[in-house]
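# Structural overview
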Amino acid sequence: MPLADAFLDSARFQSEYFFDLNVGVCERCGMVQLGDVVDRERMFHGDYAFFSSTSTRMVAHFQAFARRVLKELDRPDPFVVEIGSNDGSMLHEFARGGARHLGVDPAANVVEAARQQGLRSVCEFFEEASAERILSSDGPADAIVAANCMCHIPYISSVLGGVRRLLKPDGLFVFEDPYLGDILATGAFDQFYDEHALYFSVTSVHNMLAPHGLEIVAIERQNVHGGSMRYYIAHAGSRPRSPEVDGVMAEEHANGLTRRTAFEAIASRAARVRTELPELLRRLRDSGKSIVGYAATAKSATVINYCGITPELVPWIADTTPAKHGLFSPGAHIPVRPYEEFVRNPPDYALLFAWNHAAEIFEKERAYVAGGGRFIVYVPDVKIV
Ligand code: TYD
């Protein structure tokens, strides 16, 4: 597979980087992770293509996340550190709520976008060393937060060591990521790509925290990215633990979520999509219908390259991110063009690569559908909606 966010120009086709995408489960601790991990500097750098603020629903979600954390802390002058703060969608709300804040993100371009809004943001990978630096410059944190970031970090021990060091004794570490239970239940195999090094369940998060003296005190399901879980974490023994945590771990155990057999269904569903999706696209194309990809997501790299979707089947992808315009999708090299072209020249079918934002997109595209346009989705099944 190519790197999912490595949109490129034609001069770089020859030198494009590929790696083996394979996923394994540890039946002892329940962690699900990539077998071959890509160097972090190859993925997160000054040309990082993903900007958090591209989904209005997600921005509203991050604002609610920040407000929820401030309410939970319920103290004067809190200091909040965000790991993977990207362009500042969540930091902004902490700042608005009167909290001292600091974002940490390794991608210089998104850090710059946050700074331009007056947000405090440093460009580095968060680890124990950065925790020490923050501790001496700003003091300990009342809260450390992360959204769709922890699952990107294979060297997680160093990050958790940093969290333990930086977090006040009565502080909270709150993070959320796509939930393994939902990935498996919906067959969302396109969540598997280079940047997603870890796929969390409550069980695996519980086990990865234990050696660092941290524990989950509460969990909350989140209706974003196809189903996510938010984990409220504290220093072990510092807060009471919600019974729901053990309840969900028992459920995961009963459902075999942490065993190899749990993956058989998603593997066969992926194989079915690999047959059905190109067949449908071919049939539509051969009957003279126009097809355009909708949203050049990172996830689309997996489905496009695994299913062998080429520019002959999907000639271009419409996307709202200016940094991706004029470039080609990783691996298959499908051109990415501005969303405005989709509006000007709507295709018969839009292949929805951002199925996780379906509610927001269907709402936005009422006129497209009213005009006869149709969406093709492939999670949980290949169908026209
Ligand atoms: P997302 O599913 O959030 O992330 P990922 O890239 O991690 O899979 O998708 C973000 C991409 O989708 C980004 O390139 C912008 C694009 N997008 C649109 O083009 N239109 C939209 O209405 C939305 C919500 C996203």
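Refer to the structure presented above.
### Here's the deal with the overall build of the protein
Along the protein, the regular secondary structure elements total 14 helices and 16 strands. For the protein, the C-alpha radius of gyration of 21 Å lies close to 21 Å, the compact-globule estimate for 385 residues. The C-alpha extent of the protein, read off along each of the three principal axes, is 65 × 50 × 40 Å. Relative to its 385 residues, the protein shows a buried fraction of 55%. When the accessible surface of the protein is summed, it comes to about 15,900 Å², and 50% of that surface belongs to carbon and sulfur atoms. Taken together, the 38 basic and 49 acidic charged side chains of the protein have centroids lying 3 Å from each other.

### Brief notes about the packing of aromatic side chains
Tallying each qualifying case throughout the model produces 15 aromatic pairs. Geometrically, the ring pair formed by Phe 175 and Phe 200 is edge-to-face, given 5.5 Å between the ring centres and 65° between the ring planes. In this pair, Phe 175 is assigned in strand β7 (residues 167-178) and Phe 200 in the loop between β8 (198-199) and α8 (202-209), connecting sequence segments 25 residues apart. Residue classification places Phe 175 among the buried residues on the basis of a relative accessible area of 0%. Phe 200 gets classed as buried once you look at its relative accessible area, which sits at 0%. Relative to Tyr 231, the ring of Phe 175 lies with its centre 5.0 Å away and its plane at 35°, an arrangement referred to as tilted. One end of the pair, Phe 175, is in strand β7; the other, Tyr 231, is in strand β10 (residues 228-235), and 56 residues separate them in sequence.

### Quick notes on the site of the ligand
Around the ligand, a shell composed of 20 residues is seen, among which Ala 298, Lys 299, Asp 319, Lys 324 and Lys 364 lie nearest. Within the contact set of the ligand, an oxygen atom lies 3.2 Å away from a side-chain nitrogen or oxygen of Thr 321. Lys 364 places a side-chain nitrogen or oxygen 2.6 Å from an oxygen atom of the ligand. Within the complex, the protein chains bury 96% of what would otherwise be the 560 Å² of accessible surface of the ligand.

### So, the pattern of salt bridges
Applying the stated criterion across every chain yields a total of 22 salt bridges. Note that Arg 75 is salt-bridged to Asp 170, the shortest N-O span being 3.3 Å. Of this pair, Arg 75 sits in the loop between α2 (56-73) and β3 (79-83) while Asp 170 sits in strand β7, and the two are 95 residues apart along the sequence. Judged by relative accessible area, which is 22%, Arg 75 ranks as partly exposed. For Arg 230, the salt bridge is made with Glu 176, and the minimal N-O distance between the two is 2.8 Å.

### Focus on helix α9 (residues 243-254)
For α9, which comprises 12 residues, the first-to-last C-alpha distance of 17 Å matches the rise-based estimate of 16 Å (1.5 Å per residue) to within 8%. Those residues of α9 lying buried are Val 245, Val 248, Met 249 and Glu 252. Taken around the axis of α9, the buried residues stretch over an arc of 105°, which confines them to a single face. Set apart from the buried face of α9 by more than 90 degrees, the exposed residues are Pro 243 and Ala 254. Contacts from the buried residues of α9 go to α8, β9 (214-222) and β10.

### Looking at the sheet that holds strand β5 (residues 121-123)
Strands sit in the order β5-β4-β3-β6-β7-β10-β9 across an open sheet of seven strands; the sheet is mixed. Lying at the two open borders of the sheet, with one neighbouring strand each, are β5 and β9. Neighbour-to-neighbour, the strand axes of this sheet turn through a mean angle of 20°, independent of strand direction. Two strands pair when backbone bridges link them, and strand β4 (residues 100-105) and β5 are joined in this way by three bridges, in the parallel orientation. Within β5, the position partnered with Asp 105 by the bridge is Cys 123. Contacts from helix α5 (residues 128-138) reach β3 and β4 within the one sheet, and its direction differs from that of β4 by about 155°. Helix α6 (residues 156-166) contacts β3, β6 (141-147), β7, β9 and β10 of the sheet and is inclined by roughly 145° relative to β7.

### Some thoughts on the pairing of β6
Where burial is concerned, most of β6 is hidden: seven out of the seven residues are buried. The sheet contact formed by β3 and β6 spans three bridges and is parallel. Residue Val 80 lies in a different strand from β6, and its bridge partner there is Ala 143. As defined by bridge partners, β6 adjoins β7 across six bridges and the pair is classed as parallel.

### Remarks on the pairing of β7
Within β7, nine of the 12 residues are buried, which leaves it mostly tucked inside the rest of the structure. One ladder, built from six bridges, connects β7 with β10; its direction is antiparallel. Bridge pairing links Phe 173 to Ile 233 in β10.

### Considering unusual backbone geometry
The step from Val 379 to Pro 380 runs through a cis peptide bond, and the omega angle for that step is 5°. Here Pro 380 shows up in the loop between β15 (374-377) and β16 (383-384). Backbone geometry at His 225 places phi at a positive 50°, although glycine is not the residue there. Along the chain, His 225 turns up in the loop between β9 and β10.

Calculation criteria
- Residues numbered from 1 in each chain as written.
- Predicted model: local features only at pLDDT ≥ 70, side-chain atom pairs only at ≥ 80, totals over all residues.
- Heavy atoms only, no water.
- Helix = DSSP H or I, 4+ residues; strand = E, 2+ residues; numbered from the N terminus.
- Rg over C-alpha atoms; globule rule 2.2 N^0.38 Å.
- Buried < 20%, exposed > 50% of the residue type's maximum accessible area, 1.4 Å probe, protein only.
- Areas by Shrake-Rupley, 256 points an atom, 1.4 Å probe, with all protein chains shown as cover.
- Lys, Arg positive; Asp, Glu negative; His and termini not counted.
- Charge placed at Lys NZ, Arg CZ, Asp CG, Glu CD.
- Phe/Tyr/Trp six-rings, centres within 6.5 Å; stacked < 30°, edge-to-face > 60°.
- Near = heavy atom within 4 Å.
- Polar contact = N/O pair within 3.5 Å; in protein donor to acceptor, adjacent residues only side chain to side chain.
- Salt bridge = Lys/Arg side-chain N within 4 Å of Asp/Glu carboxyl O.
- Expected span 1.5 Å × (residues − 1).
- Arc of directions from axis to C-beta.
- Contact = heavy atoms within 4.5 Å.
- Pairing = 2+ DSSP bridges.
- Axes fitted to C-alpha atoms, helices over the stretch in contact; angles between N-to-C directions.

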